[in-house]
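One letter stands for each residue in the lines below.
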Amino acid sequence: MPPKRVSQVRPEDPPEPLEVRVLKRWIPYFKSKEKMTDLCYLLVDIHGDAVEAVADVTKAEYFDSIIDVQHCYTVDKYVSSPQRQYMPSVPHVASLKTGKRATFTPSLDKDIPNYHYNFATYDDLTPRMNPPKLLTDYIGRIEKVSPIMFRTGKKLRKIIIQDERSNEIEITLWDEKADMIQTEDIIGKVFAVTATMVTYFNKLQLESTTSTTIAINPPIPDLQTYVNRFQELVPLAEQHASLNQITIAELKTKIDNKTAQQGHYTCTARITEIDELRTWFYVKCPKCGNKAYPEKDHFVCLDDDIEEEEALFMYCLNAKITDNTDSIEAVFYNEALNDIVNISCRDMVIDLGNRNPKVFPNKITSIKGETKLLHIAVKGNNNIAVNKAENPRTFQPATPDPKKRTLAQLPDSDKKAKH
(Lines give C-alpha, C1' and ligand atoms only; values in the text may rest on other atoms or scores of the structure.)
Protein backbone atom coordinates (compact mmCIF):
# COMPACT_ATOMS: atom_id res chain seq x y z
CA MET A 1 0.00 0.00 0.00
CA PRO A 2 1.55 3.38 -1.00
CA PRO A 3 2.10 5.97 1.74
CA LYS A 4 -0.47 8.66 2.27
CA ARG A 5 0.00 11.80 0.17
CA VAL A 6 0.77 15.03 2.02
CA SER A 7 -2.02 16.76 0.08
CA GLN A 8 -4.54 14.31 1.57
CA VAL A 9 -3.79 15.13 5.21
CA ARG A 10 -6.72 16.79 6.96
CA PRO A 11 -7.12 18.18 10.50
CA GLU A 12 -8.00 15.52 13.07
CA ASP A 13 -7.10 12.66 10.70
CA PRO A 14 -5.48 9.75 12.55
CA PRO A 15 -1.77 9.57 11.70
CA GLU A 16 -0.65 7.52 8.73
CA PRO A 17 2.99 7.14 7.61
CA LEU A 18 4.21 9.95 5.34
CA GLU A 19 7.30 9.60 3.16
CA VAL A 20 8.88 13.06 3.10
CA ARG A 21 12.03 15.10 2.83
CA VAL A 22 12.72 17.83 5.43
CA LEU A 23 13.43 20.94 3.38
CA LYS A 24 14.12 23.51 6.08
CA ARG A 25 13.88 24.34 9.76
CA TRP A 26 13.01 27.70 11.30
CA ILE A 27 11.70 29.36 14.42
CA PRO A 28 9.00 31.97 13.61
CA TYR A 29 9.38 35.36 15.23
CA PHE A 30 6.33 37.50 15.96
CA LYS A 31 6.66 41.04 17.33
CA SER A 32 3.42 40.59 19.27
CA LYS A 33 4.89 37.73 21.30
CA GLU A 34 7.53 38.21 23.95
CA LYS A 35 9.18 34.93 23.07
CA MET A 36 9.18 32.41 20.25
CA THR A 37 7.20 29.24 20.95
CA ASP A 38 7.22 27.18 17.74
CA LEU A 39 9.85 25.10 16.00
CA CYS A 40 8.84 24.56 12.38
CA TYR A 41 9.87 22.24 9.57
CA LEU A 42 8.78 22.18 5.95
CA LEU A 43 8.14 18.66 4.63
CA VAL A 44 7.67 17.70 0.96
CA ASP A 45 6.60 14.35 -0.50
CA ILE A 46 7.39 12.66 -3.81
CA HIS A 47 4.49 14.47 -5.49
CA GLY A 48 6.00 17.87 -4.63
CA ASP A 49 3.31 18.78 -2.09
CA ALA A 50 4.36 20.38 1.19
CA VAL A 51 3.10 20.66 4.75
CA GLU A 52 4.46 22.23 7.93
CA ALA A 53 5.44 20.19 10.97
CA VAL A 54 5.34 22.15 14.23
CA ALA A 55 6.97 21.30 17.56
CA ASP A 56 7.46 23.10 20.86
CA VAL A 57 10.62 25.22 20.64
CA THR A 58 11.65 24.02 24.11
CA LYS A 59 12.16 20.58 22.53
CA ALA A 60 14.51 21.95 19.84
CA GLU A 61 17.53 20.08 21.17
CA TYR A 62 15.64 16.77 21.01
CA PHE A 63 14.35 17.29 17.47
CA ASP A 64 17.73 18.54 16.26
CA SER A 65 19.17 15.24 17.41
CA ILE A 66 16.77 13.17 15.28
CA ILE A 67 16.04 15.41 12.26
CA ASP A 68 18.51 16.65 9.64
CA VAL A 69 17.49 19.17 7.01
CA GLN A 70 17.47 17.76 3.45
CA HIS A 71 17.25 14.17 4.74
CA CYS A 72 14.28 11.85 4.07
CA TYR A 73 12.09 10.24 6.72
CA THR A 74 8.98 8.18 7.27
CA VAL A 75 6.96 10.34 9.67
CA ASP A 76 4.29 8.84 11.92
CA LYS A 77 2.49 9.30 15.24
CA TYR A 78 1.96 13.01 14.65
CA VAL A 79 -1.25 14.91 15.39
CA SER A 80 -2.95 16.42 12.37
CA SER A 81 -4.09 19.92 13.31
CA PRO A 82 -5.41 22.95 11.45
CA GLN A 83 -2.93 25.15 9.64
CA ARG A 84 -1.00 27.60 11.83
CA GLN A 85 -3.12 30.69 12.38
CA TYR A 86 -0.42 33.26 11.65
CA MET A 87 2.04 33.43 8.75
CA PRO A 88 1.92 29.81 7.54
CA SER A 89 4.50 29.12 4.83
CA VAL A 90 2.32 26.89 2.63
CA PRO A 91 -1.41 27.00 1.75
CA HIS A 92 -2.28 23.66 3.34
CA VAL A 93 -5.41 23.18 5.48
CA ALA A 94 -3.43 21.13 8.00
CA SER A 95 -0.14 21.07 9.86
CA LEU A 96 1.53 18.25 11.77
CA LYS A 97 1.88 18.71 15.51
CA THR A 98 4.87 16.69 16.69
CA GLY A 99 6.07 15.73 20.13
CA LYS A 100 8.39 13.06 21.46
CA ARG A 101 5.81 10.41 20.55
CA ALA A 102 6.18 11.26 16.85
CA THR A 103 8.59 9.11 14.87
CA PHE A 104 11.05 10.20 12.17
CA THR A 105 12.48 7.02 10.68
CA PRO A 106 15.33 7.68 8.20
CA SER A 107 14.53 6.75 4.62
CA LEU A 108 16.71 6.31 1.52
CA ASP A 109 14.13 7.57 -0.97
CA LYS A 110 16.22 9.60 -3.43
CA ASP A 111 13.28 10.51 -5.64
CA ILE A 112 11.64 12.92 -3.22
CA PRO A 113 12.37 16.44 -4.52
CA ASN A 114 14.67 18.66 -2.53
CA TYR A 115 12.73 21.78 -3.46
CA HIS A 116 9.32 23.38 -3.11
CA TYR A 117 8.13 26.72 -4.48
CA ASN A 118 4.53 27.86 -4.71
CA PHE A 119 4.97 31.05 -6.72
CA ALA A 120 2.36 33.75 -6.22
CA THR A 121 1.15 36.22 -8.81
CA TYR A 122 0.97 39.97 -8.23
CA ASP A 123 -2.82 39.70 -7.83
CA ASP A 124 -2.30 37.25 -4.95
CA LEU A 125 -0.35 39.75 -2.84
CA THR A 126 -2.95 42.15 -1.43
CA PRO A 127 -5.13 39.45 0.19
CA ARG A 128 -2.03 38.09 1.93
CA MET A 129 -1.75 41.22 4.07
CA ASN A 130 -4.84 39.95 5.91
CA PRO A 131 -4.92 37.06 8.42
CA PRO A 132 -3.59 34.45 8.35
CA LYS A 133 -0.97 36.40 6.30
CA LEU A 134 0.13 33.46 4.20
CA LEU A 135 3.84 33.79 3.39
CA THR A 136 4.73 34.33 -0.25
CA ASP A 137 7.09 32.70 -2.74
CA TYR A 138 7.87 34.94 -5.73
CA ILE A 139 9.94 34.83 -8.90
CA GLY A 140 11.18 37.61 -11.16
CA ARG A 141 14.13 39.12 -12.98
CA ILE A 142 16.67 41.08 -10.95
CA GLU A 143 16.71 44.75 -11.91
CA LYS A 144 18.67 46.29 -9.06
CA VAL A 145 20.46 45.26 -5.83
CA SER A 146 21.31 47.77 -3.10
CA PRO A 147 24.39 47.66 -0.90
CA ILE A 148 24.04 46.56 2.71
CA MET A 149 22.29 49.26 4.74
CA PHE A 150 21.25 49.72 8.37
CA ARG A 151 17.92 50.90 9.76
CA THR A 152 17.25 51.23 13.49
CA GLY A 153 20.25 49.02 14.11
CA LYS A 154 19.12 46.26 11.72
CA LYS A 155 21.02 45.23 8.62
CA LEU A 156 19.11 45.11 5.35
CA ARG A 157 19.47 44.89 1.59
CA LYS A 158 16.86 45.85 -1.01
CA ILE A 159 16.34 43.98 -4.27
CA ILE A 160 14.15 45.23 -7.11
CA ILE A 161 12.73 42.57 -9.42
CA GLN A 162 10.30 42.60 -12.33
CA ASP A 163 7.86 39.73 -12.65
CA GLU A 164 6.66 38.18 -15.90
CA ARG A 165 3.77 40.66 -16.09
CA SER A 166 6.15 43.64 -15.78
CA ASN A 167 5.18 44.39 -12.17
CA GLU A 168 7.97 45.99 -10.15
CA ILE A 169 8.48 44.42 -6.71
CA GLU A 170 10.82 45.64 -3.98
CA ILE A 171 12.10 42.90 -1.66
CA THR A 172 13.79 43.71 1.65
CA LEU A 173 16.17 41.10 3.07
CA TRP A 174 16.69 41.66 6.79
CA ASP A 175 19.61 40.77 9.08
CA GLU A 176 21.45 37.60 8.02
CA LYS A 177 19.20 37.25 4.97
CA ALA A 178 20.87 40.37 3.55
CA ASP A 179 24.08 38.33 3.18
CA MET A 180 22.36 35.53 1.26
CA ILE A 181 23.00 37.07 -2.14
CA GLN A 182 26.22 37.78 -4.01
CA THR A 183 25.84 41.06 -5.88
CA GLU A 184 28.35 40.51 -8.67
CA ASP A 185 27.00 39.96 -12.19
CA ILE A 186 23.41 39.14 -11.20
CA ILE A 187 21.42 41.91 -12.90
CA GLY A 188 19.02 40.31 -15.36
CA LYS A 189 19.11 36.86 -13.78
CA VAL A 190 16.13 34.91 -12.48
CA PHE A 191 15.52 35.43 -8.75
CA ALA A 192 13.33 33.19 -6.61
CA VAL A 193 12.50 33.93 -2.98
CA THR A 194 10.44 31.95 -0.46
CA ALA A 195 8.41 32.70 2.65
CA THR A 196 8.25 36.48 2.43
CA MET A 197 5.73 38.73 4.16
CA VAL A 198 3.61 41.08 2.05
CA THR A 199 3.70 44.69 3.28
CA TYR A 200 2.62 48.04 1.90
CA PHE A 201 4.46 51.36 1.93
CA ASN A 202 3.30 53.49 -0.99
CA LYS A 203 3.23 50.24 -2.96
CA LEU A 204 3.15 46.48 -2.39
CA GLN A 205 6.46 45.09 -1.10
CA LEU A 206 7.91 41.82 0.18
CA GLU A 207 10.03 41.38 3.33
CA SER A 208 12.06 38.39 4.43
CA THR A 209 11.12 36.29 7.46
CA THR A 210 13.09 33.77 9.49
CA SER A 211 12.17 31.01 7.00
CA THR A 212 13.06 32.91 3.82
CA THR A 213 15.47 31.38 1.30
CA ILE A 214 16.60 32.75 -2.03
CA ALA A 215 18.00 31.30 -5.25
CA ILE A 216 19.61 32.82 -8.33
CA ASN A 217 18.63 30.97 -11.52
CA PRO A 218 16.96 28.21 -9.45
CA PRO A 219 17.17 24.78 -11.14
CA ILE A 220 13.42 24.39 -11.50
CA PRO A 221 12.17 22.29 -14.41
CA ASP A 222 10.68 25.31 -16.22
CA LEU A 223 13.58 27.71 -15.61
CA GLN A 224 14.19 28.25 -19.32
CA THR A 225 10.53 29.16 -19.77
CA TYR A 226 10.94 31.94 -17.22
CA VAL A 227 14.20 33.07 -18.84
CA ASN A 228 12.47 33.32 -22.21
CA ARG A 229 9.60 35.33 -20.72
CA PHE A 230 11.92 37.69 -18.87
CA GLN A 231 13.98 38.31 -22.01
CA GLU A 232 10.91 39.94 -23.53
CA LEU A 233 10.55 42.44 -20.67
CA VAL A 234 11.71 46.03 -21.03
CA PRO A 235 14.25 46.80 -18.26
CA LEU A 236 12.79 49.00 -15.53
CA ALA A 237 15.48 51.63 -16.14
CA GLU A 238 14.17 52.08 -19.68
CA GLN A 239 10.55 52.15 -18.48
CA HIS A 240 11.42 54.81 -15.91
CA ALA A 241 13.33 56.82 -18.49
CA SER A 242 10.18 57.18 -20.58
CA LEU A 243 8.16 58.59 -17.66
CA ASN A 244 8.19 62.39 -17.56
CA GLN A 245 11.55 62.53 -19.30
CA ILE A 246 12.82 66.09 -19.36
CA THR A 247 15.96 68.04 -20.23
CA ILE A 248 17.48 70.51 -17.82
CA ALA A 249 16.63 73.38 -20.16
CA GLU A 250 12.98 72.27 -20.22
CA LEU A 251 13.00 71.92 -16.44
CA LYS A 252 14.34 75.44 -15.96
CA THR A 253 11.68 76.76 -18.31
CA LYS A 254 8.98 75.06 -16.25
CA ILE A 255 10.42 76.55 -13.07
CA ASP A 256 10.53 80.02 -14.62
CA ASN A 257 6.93 79.63 -15.79
CA LYS A 258 5.90 78.31 -12.37
CA THR A 259 4.56 75.08 -13.88
CA ALA A 260 7.03 72.67 -12.25
CA GLN A 261 5.87 72.83 -8.62
CA GLN A 262 5.64 69.42 -6.99
CA GLY A 263 6.52 67.76 -10.31
CA HIS A 264 8.39 64.47 -10.64
CA TYR A 265 10.65 63.87 -13.65
CA THR A 266 13.51 61.81 -14.99
CA CYS A 267 16.55 63.41 -16.52
CA THR A 268 19.71 61.91 -17.99
CA ALA A 269 22.55 64.06 -16.69
CA ARG A 270 25.95 64.02 -15.01
CA ILE A 271 27.37 65.69 -11.90
CA THR A 272 29.77 68.41 -12.98
CA GLU A 273 30.38 70.22 -9.68
CA ILE A 274 30.14 69.32 -5.98
CA ASP A 275 29.59 72.06 -3.40
CA GLU A 276 32.33 71.27 -0.91
CA LEU A 277 31.40 74.24 1.25
CA ARG A 278 28.39 72.22 2.41
CA THR A 279 28.30 68.86 4.20
CA TRP A 280 27.79 65.51 2.46
CA PHE A 281 25.94 63.59 5.20
CA TYR A 282 23.96 64.07 8.37
CA VAL A 283 23.01 61.82 11.28
CA LYS A 284 19.60 61.56 12.91
CA CYS A 285 17.99 59.80 15.83
CA PRO A 286 16.21 56.54 14.86
CA LYS A 287 13.42 57.30 17.34
CA CYS A 288 12.45 60.95 16.90
CA GLY A 289 14.22 61.76 13.63
CA ASN A 290 15.98 64.82 15.08
CA LYS A 291 19.68 65.50 14.66
CA ALA A 292 22.12 63.17 16.42
CA TYR A 293 25.45 64.51 17.67
CA PRO A 294 28.89 62.81 17.70
CA GLU A 295 30.17 61.75 21.09
CA LYS A 296 33.47 59.87 20.94
CA ASP A 297 32.76 56.63 19.07
CA HIS A 298 28.98 56.96 18.79
CA PHE A 299 26.15 59.46 18.28
CA VAL A 300 23.62 60.76 20.80
CA CYS A 301 20.21 62.45 20.66
CA LEU A 302 19.23 65.39 22.85
CA ASP A 303 15.90 63.81 23.76
CA ASP A 304 16.10 60.03 23.32
CA ASP A 305 18.38 57.33 24.67
CA ILE A 306 19.68 55.49 21.60
CA GLU A 307 22.65 53.66 23.09
CA GLU A 308 21.19 50.28 22.10
CA GLU A 309 20.18 51.43 18.62
CA GLU A 310 22.30 52.72 15.79
CA ALA A 311 21.85 56.29 14.60
CA LEU A 312 20.67 56.78 11.02
CA PHE A 313 23.31 58.02 8.58
CA MET A 314 21.90 59.87 5.57
CA TYR A 315 23.61 61.20 2.46
CA CYS A 316 22.81 64.78 1.44
CA LEU A 317 25.03 66.13 -1.34
CA ASN A 318 24.70 69.54 -2.97
CA ALA A 319 25.87 69.46 -6.58
CA LYS A 320 25.43 70.83 -10.08
CA ILE A 321 24.02 68.51 -12.74
CA THR A 322 24.50 69.04 -16.45
CA ASP A 323 23.10 67.58 -19.68
CA ASN A 324 23.62 68.71 -23.27
CA THR A 325 21.11 71.55 -22.84
CA ASP A 326 21.98 73.30 -19.55
CA SER A 327 23.00 72.95 -15.87
CA ILE A 328 21.15 73.31 -12.56
CA GLU A 329 21.82 73.00 -8.83
CA ALA A 330 20.40 69.90 -7.15
CA VAL A 331 20.50 68.03 -3.86
CA PHE A 332 21.24 64.28 -3.95
CA TYR A 333 19.46 62.55 -1.10
CA ASN A 334 20.29 59.27 0.58
CA GLU A 335 18.91 56.69 -1.85
CA ALA A 336 20.19 58.52 -4.93
CA LEU A 337 23.76 58.77 -3.67
CA ASN A 338 23.55 55.19 -2.42
CA ASP A 339 22.67 54.20 -5.98
CA ILE A 340 25.74 55.96 -7.36
CA VAL A 341 28.52 55.10 -4.89
CA ASN A 342 27.16 51.60 -4.09
CA ILE A 343 27.91 51.86 -0.40
CA SER A 344 25.59 52.90 2.40
CA CYS A 345 26.17 56.19 4.19
CA ARG A 346 26.64 54.33 7.45
CA ASP A 347 29.42 52.19 5.96
CA MET A 348 31.02 55.20 4.28
CA VAL A 349 31.17 57.01 7.63
CA ILE A 350 31.83 54.21 10.13
CA ASP A 351 33.56 51.39 8.26
CA LEU A 352 35.66 53.61 5.97
CA GLY A 353 36.38 56.17 8.67
CA ASN A 354 34.94 59.26 6.96
CA ARG A 355 33.44 60.83 10.07
CA ASN A 356 33.88 64.51 9.11
CA PRO A 357 30.88 65.66 7.03
CA LYS A 358 32.92 68.60 5.69
CA VAL A 359 35.75 66.43 4.34
CA PHE A 360 34.66 64.78 1.11
CA PRO A 361 35.97 61.23 0.55
CA ASN A 362 37.31 60.22 -2.83
CA LYS A 363 34.35 57.88 -3.37
CA ILE A 364 32.14 60.98 -3.34
CA THR A 365 34.28 63.38 -5.38
CA SER A 366 35.08 60.75 -8.02
CA ILE A 367 31.45 60.53 -9.15
CA LYS A 368 31.77 63.75 -11.13
CA GLY A 369 31.28 63.09 -14.83
CA GLU A 370 29.24 59.90 -14.44
CA THR A 371 26.07 59.97 -16.55
CA LYS A 372 22.98 58.73 -14.69
CA LEU A 373 19.25 58.52 -15.14
CA LEU A 374 18.14 60.80 -12.31
CA HIS A 375 14.70 60.75 -10.68
CA ILE A 376 14.12 64.33 -9.62
CA ALA A 377 11.42 66.23 -7.79
CA VAL A 378 10.80 69.96 -7.75
CA LYS A 379 10.19 71.17 -4.21
CA GLY A 380 7.82 73.96 -3.27
CA ASN A 381 10.74 76.42 -3.11
CA ASN A 382 11.85 75.29 -6.61
CA ASN A 383 14.81 73.39 -5.19
CA ILE A 384 15.68 70.25 -7.14
CA ALA A 385 15.81 66.99 -5.19
CA VAL A 386 17.39 63.88 -6.68
CA ASN A 387 15.77 60.88 -5.00
CA LYS A 388 17.02 58.03 -7.13
CA ALA A 389 19.74 57.34 -9.70
CA GLU A 390 20.08 54.55 -12.25
CA ASN A 391 22.48 53.54 -14.98
CA PRO A 392 20.97 54.52 -18.35
CA ARG A 393 21.84 51.26 -20.02
CA THR A 394 20.23 48.23 -21.61
CA PHE A 395 21.16 44.69 -20.63
CA GLN A 396 20.33 41.24 -21.87
CA PRO A 397 19.10 38.77 -19.25
CA ALA A 398 21.61 36.03 -18.59
CA THR A 399 20.62 32.68 -20.05
CA PRO A 400 21.83 30.02 -17.62
CA ASP A 401 23.98 27.20 -18.84
CA PRO A 402 21.83 24.10 -18.21
CA LYS A 403 24.98 22.21 -17.20
CA LYS A 404 26.05 24.81 -14.68
CA ARG A 405 23.54 26.74 -12.59
CA THR A 406 24.37 29.22 -9.88
CA LEU A 407 22.61 29.07 -6.52
CA ALA A 408 22.84 31.62 -3.74
CA GLN A 409 20.77 30.69 -0.70
CA LEU A 410 20.64 29.92 3.01
CA PRO A 411 20.01 27.40 4.42
CA ASP A 412 20.97 24.59 2.04
CA SER A 413 17.38 23.80 1.19
CA ASP A 414 15.13 24.61 -1.73
CA LYS A 415 17.90 23.67 -4.16
CA LYS A 416 15.17 23.11 -6.73
CA ALA A 417 11.72 24.51 -7.05
CA LYS A 418 8.20 23.43 -7.72
CA HIS A 419 5.88 25.67 -9.69
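Residues numbered from 1 in each chain as written. Predicted model: local features only at pLDDT ≥ 70, side-chain atom pairs only at ≥ 80, totals over all residues. Heavy atoms only, no water.

What follows is about the overall build of the protein chain. For the protein chain, the count of helices and strands is eight helices and 22 strands. Taking all 419 residues of the protein chain together, 50% fall into the buried category. Across the protein chain, every contact between residues at least 6 apart in sequence was considered, and the portion connecting residues at least 24 apart equals 66%. Summed over all atoms, the accessible surface of the protein chain reaches about 20,900 Å², with 47% contributed by carbon and sulfur. (Helix = DSSP H or I, 4+ residues; strand = E, 2+ residues; numbered from the N terminus. Buried < 20%, exposed > 50% of the residue type's maximum accessible area, 1.4 Å probe, protein only. Contact = heavy atoms within 4.5 Å. Areas by Shrake-Rupley, 256 points an atom, 1.4 Å probe, with all protein chains shown as cover.)

Within this model, the largest pocket holds a volume of roughly 1,600 Å³. With five residues, the single largest contributor to the lining of the largest pocket is helix α6 (residues 334–341). Among the residues making up the lining of the largest pocket, the classes are represented as 19 nonpolar, 12 polar and 17 charged. (1 Å grid on protein atoms, 1.4 Å probe; cavity = no way out; pocket = protein on both sides within 12 Å on 5 of 7 lines; lining within 4 Å. Points joined across faces, edges and corners; volume = space filled by probe spheres on them. Nonpolar A, V, L, I, M, F, W, Y, C, P; charged D, E, K, R; others polar.)

Moving on: the side chain of E170. Within the secondary structure, E170 sits in strand β11 (residues 168–174). Judged by relative accessible area, E170 falls into the buried class, the value being 12%. There is a polar contact of 3.3 Å between the side chain of E170 and the side chain of Q205. When residues no more than four places from it in sequence are discounted, the contact partners of E170 are K158, I159, I160, Q205 and L206. (Polar contact = N/O pair within 3.5 Å; in protein donor to acceptor, adjacent residues only side chain to side chain.)

Our next topic: the pairing of strand β6 (residues 94–97). Across two bridges, the pairing between strand β3 (residues 50–56) and β6 is parallel. Paired with V54 across the two strands is K97, which belongs to β6. Strand direction decides the pairing type here: strand β5 (residues 79–82) and β6, joined by four bridges, are antiparallel. The residue bridging S81 from the neighbouring strand is S95, located in β6. (Pairing = 2+ DSSP bridges.)

Now for helix α5 (residues 248–256). For α5, every residue scored as buried is listed here: I248, L251 and I255. Taken end-on, α5 shows its buried residues confined to a sector of 60 degrees, consistent with a single buried face. Immediately downstream of α5, the backbone of K258 shows phi near 60 degrees, a positive value. (Arc of directions from axis to C-beta.)

It is worth spelling out empty space enclosed by the protein at this point. One pass over the structure, following the stated rule, counts three cavities of 30 Å³ or more. In this structure, the second largest cavity spans a volume of roughly 40 Å³. Elements with a contribution of two residues or more to the lining of the second largest cavity: β15 (264–274) and β21 (371–378). Per element, the largest residue contribution to the lining of the second largest cavity is three residues, and it comes from β15.

Quick look at the sheet that holds strand β2 (residues 38–44) now. What the seven strands build is an open sheet, ordered β5-β6-β3-β2-β1-β4-β7; its pairing is mixed. Single-partner strands in this sheet number two, and they are β5 and β7 (103–107). Taken over all neighbouring pairs, the strand axes of this sheet differ in orientation by 40 degrees on average, direction set aside. (Axes fitted to C-alpha atoms, helices over the stretch in contact; angles between N-to-C directions.)

This paragraph deals with the nonpolar core. In terms of nonpolar packing, the biggest core is built from 43 residues, with L251, W280, Y315, L317, I321, F332 and I364 touching the most fellow members. The next biggest cluster of nonpolar side chains, apart from the first, holds 21 residues, and it includes V6, V20, I67 and A94. (Core = buried A, V, L, I, M, F, W, Y, C linked by side-chain atoms within 4.5 Å.)

This part takes up the pattern of salt bridges. Considering all chains together, one arrives at 17 salt bridges under this definition. As a salt-bridge pair, R165 and D123 come within 3.7 Å of each other at their nearest N and O atoms. With a gap of 42 residues between them, R165 in the loop between β10 (154–162) and β11 and D123 in helix α2 (residues 122–125) connect regions that are remote in the sequence. Judged on exposure class, the residue R165 and its partner D123 are both exposed. (Salt bridge = Lys/Arg side-chain N within 4 Å of Asp/Glu carboxyl O.)

Moving on, we come to the packing of aromatic side chains. According to the stated counting rule, one finds eight aromatic pairs in the structure shown. Measuring from ring centre to ring centre gives 4.5 Å for W280 and F281, while their planes differ by 65 degrees; the resulting arrangement is edge-to-face. Three or more aromatic residues joined by ring pairs form one cluster here, namely Y117, F119, Y226 and F230. A cation over an aromatic ring shows up here: R229 above the ring of Y226, its NZ or CZ 5.4 Å from the ring centre. Of note, R346 hangs over the ring of F150, and the distance from its end group to the ring centre comes to 4.5 Å. (Phe/Tyr/Trp six-rings, centres within 6.5 Å; stacked < 30°, edge-to-face > 60°. Lys NZ or Arg CZ within 6 Å of the ring centre and 35° of its normal.)

As for its placement among the helices and strands, R141 is situated in strand β8 (residues 136–145). Taking relative accessible area as the criterion, R141 reaches 1% and is therefore assigned buried. Between the alpha carbons of R141 and Q231 there is a distance of 9.1 Å; along the sequence they are 90 residues apart. A distance of 2.9 Å separates the side chain of R141 from the side chain of E143, its partner in a polar contact.

Take unusual backbone geometry next. The linkage connecting P131 with the following residue, P132, adopts the cis geometry, with an omega of 10 degrees. Inspection of the secondary structure puts P132 in the loop between α2 and β8. We note that N217 has phi near 45 degrees; this positive angle belongs to a residue other than glycine. In this fold, N217 is placed in the loop between β14 (214–216) and α3 (223–231). Under the relative-accessibility criterion, N217 is labelled buried at 5%.

Moving on: the pairing of β10. In terms of residue burial, β10 counts as a mostly covered element, since seven of its nine residues are buried. Bridge count for β8 against β10 is four bridges, and the pairing is antiparallel. Following the sheet pairing, R141 is matched in β10 by Q162. Note that strand β9 (residues 149–151) and β10 share three bridges and pair antiparallel.

Without other data, these values stay purely geometric and don't point to any function.
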